[in-house]
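Chain residues, written in single-letter form:
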Amino acid sequence: MRIPKSHPRYESLVRRETLVRAWKQGIVVPEGLIAHGRGEAFDYLFGEETTAPALVAEKAAAAFLVQAKRPVLSVNGNVAALASSEIAGLARRLSAVVEVNLFHRSETRVRRIVRIMRDAGAPTVLGLRPNATIPHLESKRAFSHRRGVYGADVVLVPLEDGDRTEALVHMGKTVISIDLNPLSRTSRMASVPIVDEVRRALPTVEKFVQELQGDPEETTRICAEYDRRGNLAAVYSFLEWRLGVLTRRPRAKPRARGKRRTRR
Ligand code: PTJ
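Residues numbered from 1 in each chain as written. Predicted model: local features only at pLDDT ≥ 70, side-chain atom pairs only at ≥ 80, totals over all residues. Heavy atoms only, no water.

**Some thoughts on a positive patch on the surface**
The cut-off we apply is this: Residues enter patches when they are more than 30% accessible in relative terms and free of salt bridges; like-charged ones are connected within 9 Å and nonpolar ones (Val, Leu, Ile, Met, Phe, Trp, Tyr) within 5 Å. Each accessible area is a Shrake-Rupley estimate made with a 1.4 Å probe; only the visible protein chains count as cover when residues are assessed. We define a salt bridge as a side-chain nitrogen of Lys or Arg found within 4 Å of a carboxyl oxygen belonging to Asp or Glu. The convention is simple: Lys and Arg are positive, Asp and Glu are negative, and His and the chain ends are not counted. We put the charge of a Lys on NZ, of an Arg on CZ, of an Asp on CG and of a Glu on CD. Secondary structure follows DSSP: runs of H or I at least 4 residues long count as helices, runs of E at least 2 residues long count as strands, and numbering of each begins at the N terminus. When accessible area is computed with a 1.4 Å probe and restricted to protein chains, residues below 20% of their type maximum are described as buried, those above 50% as exposed, and intermediate ones as partly exposed.
A cluster of basic side chains, namely R111, R112, R115, R118 and R129, defines a positive patch on the protein surface. Among the structural elements, R111 can be located in helix α5 (residues 107-119). On the basis of relative accessibility, which here comes to 43%, the residue R111 falls in the partly exposed class.

**Description of the sheet that holds strand β8 (residues 192-194)**
This is how the line gets drawn: Criterion used throughout: strands pair if DSSP finds at least two bridges between them.
Strand order in the open sheet formed by six strands is β3-β2-β1-β6-β7-β8, with parallel pairing between adjacent strands. Taken across any chain shown, the strands that pair with only one partner, and hence form the sheet edges, are β3 (125-126) and β8. Summarising the sheet, strand β2 (residues 97-100) and β3 pair through two bridges and their orientation is parallel. Bridge pairing in β3 places E99 opposite L126.

**A closer look at the side chain of S84**
Test applied: Contacts are assigned to residue pairs that have any heavy atoms within 4.5 Å of one another.
Among the secondary structure elements, S84 is positioned in helix α4 (residues 77-94). Not counting residues within four places of it along the chain, the set of residues in contact with S84 comprises V79, I116, M117 and A120.

**So, the pairing of strand β7 (residues 174-178)**
This is how it is decided: Think of it like this: strands point away, you trace from the first strand over the helix to the second, and a clockwise trace means the crossover is right-handed.
Within β7, five of the five residues are buried, leaving the element largely enclosed by the surrounding structure. Taking every second residue as pointing to the same face, both faces of β7 are buried, with T174, I176 and I178 on one and V175 and S177 on the other. On the question of chirality, the crossover connecting strand β6 (residues 154-158) to the parallel β7 by way of helix α6 (residues 162-170) is right-handed. As paired strands, β7 and β8 are joined by three bridges and run parallel to one another. Its bridge partner lying in β8, I176 is registered against V192.

**Details of the packing of aromatic side chains**
Two measures describe an aromatic ring pair: the distance that separates the ring centres and the angle between the ring planes. This is how the line gets drawn: Aromatic rings from Phe, Tyr and Trp, with only the six-membered ring used for Trp, were paired whenever their centres fell within 6.5 Å, and each pair was classed as stacked if the ring planes differed by under 30 degrees, edge-to-face if by over 60, and tilted otherwise. By definition, being over a ring means that NZ of Lys or CZ of Arg is both within 6 Å of the ring centre and within 35 degrees of the ring normal.
Applying the stated criterion to the full structure yields three aromatic pairs. Ring geometry for F64 versus Y226: centroids 6.4 Å apart, planes at 80°, classification edge-to-face. Within this pair, whereas F64 is found in helix α3 (residues 52-67), its partner Y226 is found in the loop between α9 (216-225) and α10 (228-248), the two being separated by 162 residues in sequence. Each member of the pair, F64 as well as Y226, is classed as buried. Here F238 and W241 contribute two aromatic rings whose centre-to-centre distance is 5.5 Å and whose plane-to-plane angle is 55°, an arrangement assigned as tilted. With F238 and W241 both in helix α10 and three residues apart, the pair spans about one turn of that helix. Here the aromatic residues F46, F238 and W241 are joined through ring pairs into a cluster of three or more. Directly above the aromatic system of F208 lies the positively charged group of K207, at a separation of 4.6 Å from the ring centroid.

**Observations regarding the nonpolar core**
The cut-off we apply is this: By nonpolar core we mean a set of buried residues, namely Ala, Val, Leu, Ile, Met, Phe, Trp, Tyr and Cys, connected to one another through side-chain atoms within 4.5 Å.
One finds I87, V98 and I176 to be the most contacted residues of the largest nonpolar core, which totals 50 residues. If one sorts the elements of this core by residue count, α4 sits on top with 10 residues. Other than its neighbours up to four places away in sequence, V98 contacts L73, V75, I87, A91, M117, A122, T124, V125 and L126. By size, the runner-up hydrophobic cluster in this structure holds 13 residues, among which are V97, A152, V155 and V175.

**Details of the pairing of strand β1 (residues 71-75)**
Within a regular strand, the side chains alternate between the two sheet faces. The buried count for β1 comes to five of five residues, which makes it a mostly enclosed element. Side chains P71, L73 and V75 project from β1 onto one buried face, and the interleaved V72 and S74 project onto a second face that is buried too. A crossover links β1 with its parallel partner β2, the connecting element being α4, and its sense is right-handed.

**Remarks on the site of the ligand**
Cut-off, in case you're wondering: In these notes, residues near a molecule or strand are those with any non-hydrogen atom within 4 Å of it. Here a polar contact means two N or O atoms within 3.5 Å. Within protein one must be a hydrogen donor candidate and the other an acceptor candidate, and residues neighboring in sequence count only if both atoms are side-chain atoms.
Near the ligand you find 22 residues, and of these R38, F103, H104, R109 and E197 are the closest. Here an oxygen atom of the ligand and a side-chain polar atom of D179 are 2.9 Å apart. L180 is positioned such that a nitrogen or oxygen atom in its backbone is 3.1 Å from a nitrogen atom of the ligand. Notes on the ligand: free accessible area 740 Å², of which the protein chains cover 93%. For the shell around the ligand, the secondary structure elements donating two or more residues are α2 (30-45) and α4.

These values are about where atoms sit, not about what they do.
So, in structure tokens, the structure goes:
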């Protein structure tokens, strides 16, 4: 479908079309379209902008990624469809491994997504022939790689499910999530929950990585001072404030139509 550029929701409609195309190509699963709708609903509440608390989390995420010895970026169908070049850019900057890790796993889908990530320029992309299993995880997300998520010290998990986030945290990893739903188990379990849209969050994290790579003192300070509870509380306060603003906004007066009524 051709979307006119003048449409007030052009960006959002293009993103939907991208996902539908990726679904037709067998990259995104139907459940991924549902997940996207949930994300969009939360993004409306945030005003479709990166909030101040999200920016703080994005800087903290960058600091943990810069300090990491074995950083790994996890990619699923939605992320490959929406943000392959952003993930590849971040992977290059960090010399990080990308692992394709799917909830609705099939070898065909993994192969397709590995190819997308390689074409986008990610230096090392794992996913096929997993050689490790994440403990206490019953879904197919458990299939992993020793050089990938399984062996990582810091893992970035955009659009994740709560089970794996919890399992990775229990393995002692620093888990950075990107999820527009601040109430999801992922956001509540992650070591650094970023509550922002994936395509807005990733370039911002990369920009902070670039800054912090030249500033080890500041990187150490941010990692030491980051307060995940305080940051999530700030996200909830932001939502409260925004809903309050929307409730109090005065209604526009209806325009008078036709003849003006004369007062008697
Ligand atoms: O490709 P697969 O097989 O690994 O499956 C991928 C999905 C996304 C279907 C799977 O991981 C899943 O079911 O995820 P959930 O549990 O629905 O969680 C996805 C979360 O991502 C939800 O909380 C959404 O609010 C959030 N989300 C959706 N779109 C975006 C988003 N967060 C940030 N940016 C988005 N564009």
